[in-house]
Amino acid sequence: MAVAVRGTRGGGSVGVGAGFRSLFSYRIFVSAMFSLLFIATVTVLLTSHPPTSHHHSRLQSGGNAMHRTFLALNSDPLKTRLDLIYKQANDHMTLVKAYAAYARKLKLDISRHLKMFDDLAKNFSDLTSKPTYQSALFETDGNLEEDVLRQFEKEVKDRVKFARLMIAESKENYDNQLKIQKLKDTIFAVSELLGKAKKNGAFASTIAAKSIPKSLHCLAMRLVEERISHPEKYKEDLPKAEFEDPSLYHYAIFSDNVIAVSVVVRSVVKNAEEPWKHVFHIVTDRMNVAAMKVWFRMRPVEGGAHVEVKAVEDYSFLNSSYVPVLRQIESAKMQRFNFENKLENATKDGSNTNFRNPEHMSMLNHLRFYLPEMFPKLHKILFLDDDVVVQKDLTGLWKIDLAGKVNGAVETCFGSFHRLSQYLNFSHPLIKERFNPKACAWAYGMNIFDLDAWRREKCTETYHKWQNLNVDRTLWKSSTLPPGLITFYSLTKSLDKSWHVLGLGYNPSISMDEINNAAVIHYNGNMKPWLDIAMNQYKNLWTKYVDNDMEFVQMCNFGV
């Protein structure tokens, strides 16, 4: 058994050794075959795609470039580096040429850029054409010289850096989207500045217009001082019969501005054919009534015209139980509306500064709605603002047939401007139901009123009704023209425009022919003729009626 076992083991070892030898011989054979196949492939590639001497032509084709890179990997690593450098130079040269072509197309003021782009493109082209680089880098079949390649790389990088700087500097000039966006940003910024400037300008103009000039304050103080110093000269006179004579020509002027009222009266009298038939009813506030009386006592009106000066408080019926405006003025709500955050509100909305001004809610401004009660014995009266100048005899206004209407006024509408829709809130149902938004507006400042027709139509009651409805100011903003348009709606007779020319306080483009032909010129707007901001081309039409011989006018430096 033992012998048999040993014999069996020895025979197994011999069989295993023979198997290993067979496997090893097979692996050698396979490796040899793969080596032969690789050598054959390389030989075919080398014989079918021989290297060329012109490097630039190989870079134009994607396949040739890949082949060049492949060869470089198997031959000289510096050639791969050369390919990358050359590709970078070629890409930037193409970009520079594209910008140069676009510059020619735009034909703008970019001749400097065009020349620089052309020169840079030529520099890229000349760089690759240098004999040194051609022989050492592009036309050699051997290994590249590293020092020459470094020099070439340095020059390419310098040109690429300069090209990038030029493109970055010029990009805004050639990129339409950037140009459009920059223009939009500029327009937006300018619009913002313009809006702020308009608001600030409107607010500053309102302050200048509504503030009391130093000269005007001085005049009022001098007149009051005169009254106090010489009380015996200024005793109250009994009312004249002419004040209630309906056969004379009566004027109503409501103002706290002494010099302005004096100009209105002087201009009327100087242009009147029969000045002794003219009667002026001047109503002011309690603070200025003394100054107003002293003025007309010291400077009697020429031509025998008659002047009556009263204070609002002299009319006892004008109290808060009867007058809606007085109730609104006295209410705490209205006081807060007028005075709280006044500066902030006016600055936010420059166009709305007039509506924040308490003057538009003053009783002096609303006296025009109580003419029949103030002058119960008169049949007609001419209402004049204190910022007008009369240039012709006005007695023709009393001869106009108003055809049963209450108010004779000049209409101001043209096109879509100055229609009722601009003064009243037509989104409110009360306004929308009763009035035509396209109806023409008319002007306050020179109005001939038929007081008999006024009483017949109960216009003051109409005014009270609508003023009470507007306590929350939802029908119109605080002013006197909107309630006037409502009160005398369909009761206004249109007068010829030559009777009343407006706009001398804001419009610098009024024709001088139109002004010279006007019976009354009106400085409505903020640029009043007694202010420094008045327009010079119109100012002399007002100043020629200022009484410069009056000693207090000279002392107070009116500068007229």
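1. Observations concerning the overall build of the protein
Counting secondary structure elements, the protein contains 23 helices and 10 strands. Taken across its 560 residues, the protein has 41% of its residues classed as buried. In the protein, once contacts between residues fewer than 6 apart in sequence are set aside, the share between residues at least 24 apart is 74%. Total accessible area on the protein is roughly 30,800 Å²; 57% of this is exposed by carbon and sulfur atoms.

2. Topic: helix H19 (residues 459-469)
Listing the buried residues of H19 in full gives Cys459, Thr460, Tyr463, His464, Trp466 and Gln467. Buried residues belonging to H19 abut helix H12 (324-330), helix H15 (363-366), helix H16 (371-374), helix H17 (429-434), helix H18 (451-457) and helix H20 (481-487).

3. Quick look at the sheet that holds strand E3 (residues 306-311)
Strand order in the open sheet formed by 7 strands is E3-E2-E1-E4-E7-E6-E8, and the pairing between neighbours is mixed. In this open sheet, the two edge strands, each paired with only one partner strand, are E3 and strand E8 (492-494). For this sheet, the mean inter-axis angle between neighbouring strands, taken without regard to orientation, is 25°. The strands touched by helix H10 (residues 258-271) within the sheet are strand E1 (249-254), strand E2 (278-284) and strand E4 (380-384), with E2 carrying the most contacts at an inclination of about 170°. With respect to the sheet, helix H11 (residues 289-298) is in contact with E2 and E3, its orientation differing from that of E3 by roughly 165°.

4. A few points about unusual backbone geometry
Positive phi, normally seen in glycine, also occurs at Ala403, with a value near 55°. Assessed through its relative accessible area of 55%, Ala403 is described here as exposed. For Arg473, which is not a glycine, the phi torsion comes out positive at approximately 60°. Secondary-structure assignment places Arg473 in the loop between H19 and H20. Using a relative accessible area of 16% as the deciding quantity, one classes Arg473 as buried.

5. Focus on the state of the cysteines
Note: disulfide means a covalent bond formed between the sulfur atoms of two cysteine side chains. Taken as a whole, this structure holds 2 disulfides when the rule is applied. The disulfide partner of Cys218 is Cys556, and the S-S distance across this bridge is 2.0 Å. On the S-S bond that ties Cys218 to Cys556, the torsion sits near -75°, and the link is left-handed. One end of the pair, Cys218, is in helix H9 (residues 214-229); the other, Cys556, is in the segment after helix H23 (551-555), with 338 residues separating them in the sequence. Overall, Cys556 belongs to the buried group, its relative accessible area being 6%. One disulfide bridge connects Cys413 with Cys440, the sulfur atoms lying 1.7 Å from each other. Across the S-S bond of Cys413 and Cys440 the torsion is about -105°, and the bridge reads as left-handed. Of this pair, Cys413 sits in the loop between strand E6 (407-409) and H17 while Cys440 sits in the loop between H17 and strand E7 (446-450), and the two are 27 residues apart along the sequence. Overall, Cys413 belongs to the buried group, its relative accessible area being 17%. Cysteines bonded in the protein are numbered consecutively along the chain; their disulfide partners then correspond to 1-4, 2-3.

6. Points about the pattern of salt bridges
A full pass over the atoms with the stated rule returns 18 salt bridges. A salt bridge links Lys157 to Glu153; its shortest N-O distance comes to 3.4 Å. Taken together, the residues Lys157 and Glu153, both in helix H7 (residues 146-174) and 4 residues apart, mark about one turn of the helix. Classification of Lys157 as partly exposed rests on a relative accessible area of 48%. Between Arg266 and Glu302 there is a salt bridge, with its nearest N and O atoms 4.0 Å apart. Placement of the pair is Arg266 in helix H10 and Glu302 in the loop between H11 and E3, with a sequence separation of 36 residues. The partly exposed category is assigned to Arg266, whose relative accessible area is 21%. Taking relative accessible area as the criterion, Glu302 reaches 42% and is therefore assigned partly exposed. Bridged by salt links that share partners, the residues Arg266, Lys270, Arg299, Glu302 and Asp547 form one connected network.

7. Quick look at the environment of Cys459
With respect to the helices and strands, the residue Cys459 is situated in helix H19. Between the alpha carbons of Cys459 and Pro372 there is a distance of 9.7 Å; along the sequence they are 87 residues apart. Beyond its immediate chain neighbours, meaning those up to four positions away, Cys459 contacts Val406, Trp454, Thr487, Phe488 and Leu491.

8. Let's talk about the confidence of the model for the protein
Taken over all residues, the pLDDT of the protein has a mean of 81, while the share at 70 or more is 77%. Confidence drops under pLDDT 50 across residues 1-16; counting only partners more than four residues distant or on other chains, this segment forms 0 contacts. A low-confidence stretch, residues 48-74 (pLDDT under 50), is modelled with 25 contacts involving residues beyond four sequence positions or located in other chains.

9. A look at the pairing of E3
Where E2 lies against E3, 6 bridges are found, and the strand directions are parallel. When the sheet's bridge partners are listed, Ile282 is paired in E3 with Val309.

10. A few points about the pairing of E7
Two faces, one strand: in a regular strand the side chains alternate between the faces of the sheet. Most of E7 sits inside the fold, with 5 of its 5 residues counted as buried. The side-chain alternation of E7 yields two buried faces, one formed by Met446, Ile448 and Asp450 and the other by Asn447 and Phe449. The pairing of E4 with E7 spans 5 bridges and is classified as antiparallel. Counterpart to Phe383 in the pairing with E7 is Asn447. Pairing geometry for E6 and E7, over 2 bridges, is antiparallel. Across the sheet, residue Gly408 finds its bridge partner in E7, namely Ile448.

11. Overview of H10
Between its first and last C-alpha, H10 extends 20 Å over 14 residues, near the 20 Å set by a 1.5 Å rise per residue. Listed in full, the buried residues belonging to H10 are Val258, Ile259, Ala260, Val261, Ser262, Val263, Val264, Val265, Ser267, Val268 and Val269. Capping the start of H10 is the job of one residue whose side-chain oxygen sits 3.3 Å from the backbone nitrogen of Ile259: Asn257.

12. Some words on the side chain of Asp450
Within the fold, Asp450 resides in strand E7. Buried and without a salt bridge, Asp450 has Lys380 as its closest oppositely charged side chain, separated by 5.4 Å. Polar contacts involving the side chain of Asp450 include one to the main-chain amide nitrogen of Asp452, which spans 3.1 Å. Those residues within four positions of Asp450 in sequence are excluded, and the remaining contacts are His379, Lys380, Leu402, Lys405 and Val406.

Cut-offs applied
Residues numbered from 1 in each chain as written. Predicted model: local features only at pLDDT ≥ 70, side-chain atom pairs only at ≥ 80, totals over all residues. Heavy atoms only, no water. Helix = DSSP H or I, 4+ residues; strand = E, 2+ residues; numbered from the N terminus. Buried < 20%, exposed > 50% of the residue type's maximum accessible area, 1.4 Å probe, protein only. Contact = heavy atoms within 4.5 Å. Areas by Shrake-Rupley, 256 points an atom, 1.4 Å probe, with all protein chains shown as cover. Pairing = 2+ DSSP bridges. Axes fitted to C-alpha atoms, helices over the stretch in contact; angles between N-to-C directions. Disulfide = S-S within 2.5 Å. Salt bridge = Lys/Arg side-chain N within 4 Å of Asp/Glu carboxyl O. pLDDT = per-residue confidence, 0-100. Expected span 1.5 Å × (residues − 1). Polar contact = N/O pair within 3.5 Å; in protein donor to acceptor, adjacent residues only side chain to side chain. Lys, Arg positive; Asp, Glu negative; His and termini not counted.

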